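Analysis of the macromolecular model
In case you want the letters, here they are:
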Amino acid sequence: MRLIRSFIVAFSMFSRVPMPHFEWKDEDMKYMLCFFPWVGAVIGVCIYLWRMLATALEINNLCYTAIGVAIPIIITGGFHIDGFMDTSDALHSFRDREKKLEILKDSHIGAFSVIRLALYGLIFMGAFSVVERPALLAIVCAGFFFARCISGLGVIILPKARDNGLLYNSARTAEEKTVRTVLIIEAVLCAAFMLWQSAVNGAIIIAAAVCSFLLYYRRCKKEFGGTTGDTAGYFLLICEETIVVVAAILGFLRMG
């Protein structure tokens, strides 16, 4: 029963998929992060089904791309975009660490975040539109799951910039050893699927995703002294875009 409640909490928090409502308690949060990647699985499946439908109905590429890019936003409700924008404002403020942490908590958005989000969307759409090979598309779809495995591990293992907020509470209430083990197993199984689709392309995309995580950790440590809920959202979008862009490049290079 506790696992079911943790599953419901994960999907209620990180998605807009309808779930039963109940009062959340700390014990319901213990294994929540184990189910976080499955929000990515729903996104990946929906995108792949959309590709099959678009192909069957001969829908033009512009419509296919626009709806395909919108699917993650529709399913998550744009939950992680807020963190991306707040982090973009903080990183480009060129202020001291304390001021940057204040900007992360500010509910207002600045010009830098709007510009970065527009740029992010254009790059993502452009890359997604040219991922045509079935194996590469399958890897990209699996990438939404893989990115959340890495992000969940980051919540558990990376140092925190402050001792409050959503990320801190998620880590505090989690059954750390169990969650870490489950997320690693999920990541390995997902990576195996990606490699099964294409050994060369899968390996390169996995390596790119891991590199984005390492760069994220390095920058957060330097700029903020650790991670926060906002930076976690920032990383997830960066990791997803890295996967799509690298897949697009590999498609042009015809590797694997």
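Residues numbered from 1 in each chain as written. Predicted model: local features only at pLDDT ≥ 70, side-chain atom pairs only at ≥ 80, totals over all residues. Heavy atoms only, no water.

**Quick word on the nonpolar core**
Generally speaking, a soluble globular protein has its nonpolar side chains buried in company with each other. The biggest cluster of nonpolar side chains holds 79 residues, and the ones touching the most others in it are Met32, Ile47, Phe146, Met194 and Ile205. Ranked by the residues each element gives to this core, the list is headed by helix H8 (residues 134–157), at 15 residues. Contact partners of Met194, with chain neighbours within four places excluded, come to Ile139, Ala142, Gly143, Phe146, Gly202, Ile205 and Ile206. (Core = buried A, V, L, I, M, F, W, Y, C linked by side-chain atoms within 4.5 Å. Buried < 20%, exposed > 50% of the residue type's maximum accessible area, 1.4 Å probe, protein only. Helix = DSSP H or I, 4+ residues; strand = E, 2+ residues; numbered from the N terminus. Contact = heavy atoms within 4.5 Å.)

**What to know about the side chain of Glu241**
By secondary structure assignment, the location of Glu241 is in helix H12 (residues 229–253). Look at Glu241: it is buried, it has no salt bridge, and the nearest opposite charge is Arg116 at 6.9 Å. Polar side-chain contacts of Glu241 include one of 3.3 Å to the backbone nitrogen of Phe124. Discounting chain neighbours no more than four positions away, the residues touching Glu241 are Tyr120, Ile123 and Phe124. (Lys, Arg positive; Asp, Glu negative; His and termini not counted. Salt bridge = Lys/Arg side-chain N within 4 Å of Asp/Glu carboxyl O. Polar contact = N/O pair within 3.5 Å; in protein donor to acceptor, adjacent residues only side chain to side chain.)

**Quick word on the pattern of salt bridges**
Tallied over the full model, the rule gives four salt bridges. Salt-bridge contacts for Lys99 lead to Glu102; the nearest nitrogen and oxygen are separated by 3.7 Å. You can see Lys99 and its partner Glu102 sitting in helix H6 (residues 97–105), three residues apart, about one turn around the helix. Its salt-bridge partner being Lys100, residue Glu223 comes within 2.2 Å of it at the nearest N-O pair. With Glu223 in helix H11 (residues 199–223) and Lys100 in helix H6, the pair connects residues that are 123 residues apart, well separated along the chain. For the pair shown, Glu223 and Lys100 are each scored as buried.

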